[in-house]
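Single-letter residue listing:
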Amino acid sequence: MEQIRKWIQENDWKSMGIVAYYGYFTINVLVKAFGYDSSDQIYKFFMLSGILLLGIKLITTKYTLREVVIIALLLGAGMFIWVMTKKATLLFLFLTIIGMKDVRFRKLIGMSVWIRLFVAVVMVVGSAYGVYDIGYKTTPNAQYVEVPVYSFGFSEPNTAYLTIFLLLILLIYYYYEKLNVWWFLGTCATAFIFYETTFCRTGILVFLFAWVLIIYEKMVKNERAKFIFVLSVPVGAVFSFATMVLFNSGNSLMKIIDRYVSGRVHIMGEYYQDQGLALLPRNQEYFYASYHGLIDNAYMHILLYCGWIFALVFFAVLCLMLVRLYQAGCYKELVMLSVFALYAIMEQFVLNGFMNPFILLIGILVYPNLLRQFKEEKDEDNHGKIPYSSNS
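Residues numbered from 1 in each chain as written. Predicted model: local features only at pLDDT ≥ 70, side-chain atom pairs only at ≥ 80, totals over all residues. Heavy atoms only, no water.

## Regarding the overall build of the protein
Of the regular secondary structure elements, the protein holds 17 helices and 2 strands. Dimensions of the protein, computed from C-alpha atoms along their principal axes, come out at roughly 75 × 50 × 50 Å. Put simply, the protein has 392 residues, and 49% of those count as buried. Across the protein, every contact between residues at least 6 apart in sequence was considered, and the portion connecting residues at least 24 apart equals 70%. Just so you have it, the protein exposes about 19,300 Å², and 66% of that area is on carbon and sulfur atoms. Distance from the positive charge centre (32 side chains) to the negative charge centre (26 side chains) of the protein: 5 Å. (Helix = DSSP H or I, 4+ residues; strand = E, 2+ residues; numbered from the N terminus. Buried < 20%, exposed > 50% of the residue type's maximum accessible area, 1.4 Å probe, protein only. Contact = heavy atoms within 4.5 Å. Areas by Shrake-Rupley, 256 points an atom, 1.4 Å probe, with all protein chains shown as cover. Lys, Arg positive; Asp, Glu negative; His and termini not counted. Charge placed at Lys NZ, Arg CZ, Asp CG, Glu CD.)

## As for the environment of Ala-242
Residue placement: Ala-242 occurs in helix H10 (residues 232–246). A residue is classified by how much of its surface remains accessible, and Ala-242, at 29% relative accessible area, is partly exposed. Here the alpha-carbon distance between Ala-242 and Gly-269, two residues 27 residues apart in the chain, equals 9.9 Å.

## Focus on the packing of aromatic side chains
The final tally for this structure, using the stated rule, is 28 aromatic pairs. Aromatic pair Phe-94 and Phe-310: ring centres 6.2 Å apart, planes at 55 degrees, arrangement tilted. Here Phe-94, found in helix H5 (residues 89–98), pairs with Phe-310, found in helix H14 (residues 298–327); they are 216 residues apart in sequence, far enough to count as distant. Taken individually, Phe-94 and Phe-310 each receive the classification buried, so the pair is uniform in this respect. (Phe/Tyr/Trp six-rings, centres within 6.5 Å; stacked < 30°, edge-to-face > 60°.)

## With respect to empty space enclosed by the protein
Under the counting rule described, the total for this entry stands at 3 cavities of 30 Å³ or more. In this structure, the largest cavity encloses a volume near 180 Å³. Of all the secondary-structure elements, those providing two or more residues to the lining of the largest cavity are H14 and helix H15 (331–343). With 7 residues, the top contributor of residues to the lining of the largest cavity is H14. Counted by class, the lining of the largest cavity contains 15 nonpolar, 1 polar and no charged residues. The calculated volume of the second largest cavity comes to roughly 40 Å³. Surrounding the second largest cavity, Phe-239, Ser-240, Thr-243, Val-261, Arg-264, Val-265, Met-268, Asn-297 and Ile-345 form its lining. The set of elements that each furnish at least two residues to the lining of the second largest cavity consists of H10 and helix H12 (264–275). Residues that form the lining of the second largest cavity fall into these classes: 5 nonpolar, 3 polar and 1 charged. (1 Å grid on protein atoms, 1.4 Å probe; cavity = no way out; pocket = protein on both sides within 12 Å on 5 of 7 lines; lining within 4 Å. Points joined across faces, edges and corners; volume = space filled by probe spheres on them. Nonpolar A, V, L, I, M, F, W, Y, C, P; charged D, E, K, R; others polar.)

## Observations regarding the environment of Asp-274
Mapped onto the fold, Asp-274 is located in helix H12. On the basis of relative accessibility, which here comes to 39%, the residue Asp-274 falls in the partly exposed class. The spacing of Asp-274 and Val-113 is 161 residues in sequence and 42 Å in space, taken between C-alpha atoms. Not counting the four nearest positions on each side in its chain, Asp-274 is found in contact with Ser-290 and His-292.

## Regarding the pattern of salt bridges
Using the criterion set out here, one finds 6 salt bridges in the structure. Residue Lys-101 is joined to Glu-67 by a salt bridge in which the shortest nitrogen-to-oxygen separation is 2.8 Å. Residue Lys-101 is found in the loop between H5 and helix H6 (105–128), and its partner Glu-67 is found in helix H4 (residues 65–85); the two are separated by 34 residues along the sequence. Since its relative accessible area comes to 3%, Lys-101 is described here as buried. We classify Glu-67 as buried; its relative accessible area is 7%. (Salt bridge = Lys/Arg side-chain N within 4 Å of Asp/Glu carboxyl O.)

## Regarding the packing of H5 against H14
Put simply, H5 and H14 touch, their axes get as near as 13 Å, and they point 35 degrees apart. In contact with Leu-90, Leu-93 and Phe-94 of H5, H14 contributes Ile-302, Cys-306, Phe-310 and Phe-314. (Axes fitted to C-alpha atoms, helices over the stretch in contact; angles between N-to-C directions.)

Here it is in structure tokens:
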């Protein structure tokens, strides 16, 4: 018994927990990068392994009373939404945020970059040499002419392009301070090459929008002018809600907007007219009674599935996170969040922390000292390496 007690005292459980969290994050990024989801057995196996690693992190971390209260609220909300909607996306988002204490955000980004680079090379090269099905098919362009597209081993061409988009965005963030005209030309060339082979209009437009925001952030020196990034989520949410509620297929403006987002406004409008809104979360089977398609808008996905109460609280938390980042001068993080705020109008994946790691920055509200990491990184850029202090 004494030997067991001595072994426990001599081991650095905090470091072991951090390593376990990195393992949890790596596993989940890897399976999502390969395009697996909850319907795949391999995904379930790796997900179970990841949960075990996350469990190690949670039980080897010391929390303050304030943190325990917030964690309890997050777990309670996540479990309630999971039970009611039968969707675990938000539960895993909250669990991933809870486990972030003492973890370096930049390291998570670095891991995501290398994992996604590895997967992209494997899938593209493997498809070219016949290891994977290249997924050739045709799709109509803006002139209704059939053009060839490829999925490169993924389920759809859009999924293939999303893989490239996420890789490029993560690379841009990771090397943000080194960005120059060559980075612009290289990343845009890559984005356009894969656009030509997948014809993913959403992805290429959002990618170009990302560079517009980056150029704006780097050229504009007035900090007040950068407050515009804080407005990204509220503007996206209000725009999505307004188009859903006001949608009328006979309105020419609405038809134009709906066409540019590939019919997403029409789908949301149909669900709103059939099912309305609720205060509390609703089972997804409730929507199958009058199925109109996937709700590919993260804002209205939250509102329609999770109800008014949770949606308003969730959007308020996101806005508070943006304000805190703005106050701390974390402009490159705000740029990335603004990019995904636009993508959220057209996709749900932005709610997944393994595909959109920037949503994990909600963690700064749970563990405020996480913001210190960004300050230290700025000091490293300006004055060289400095010791890292954890957010314990």
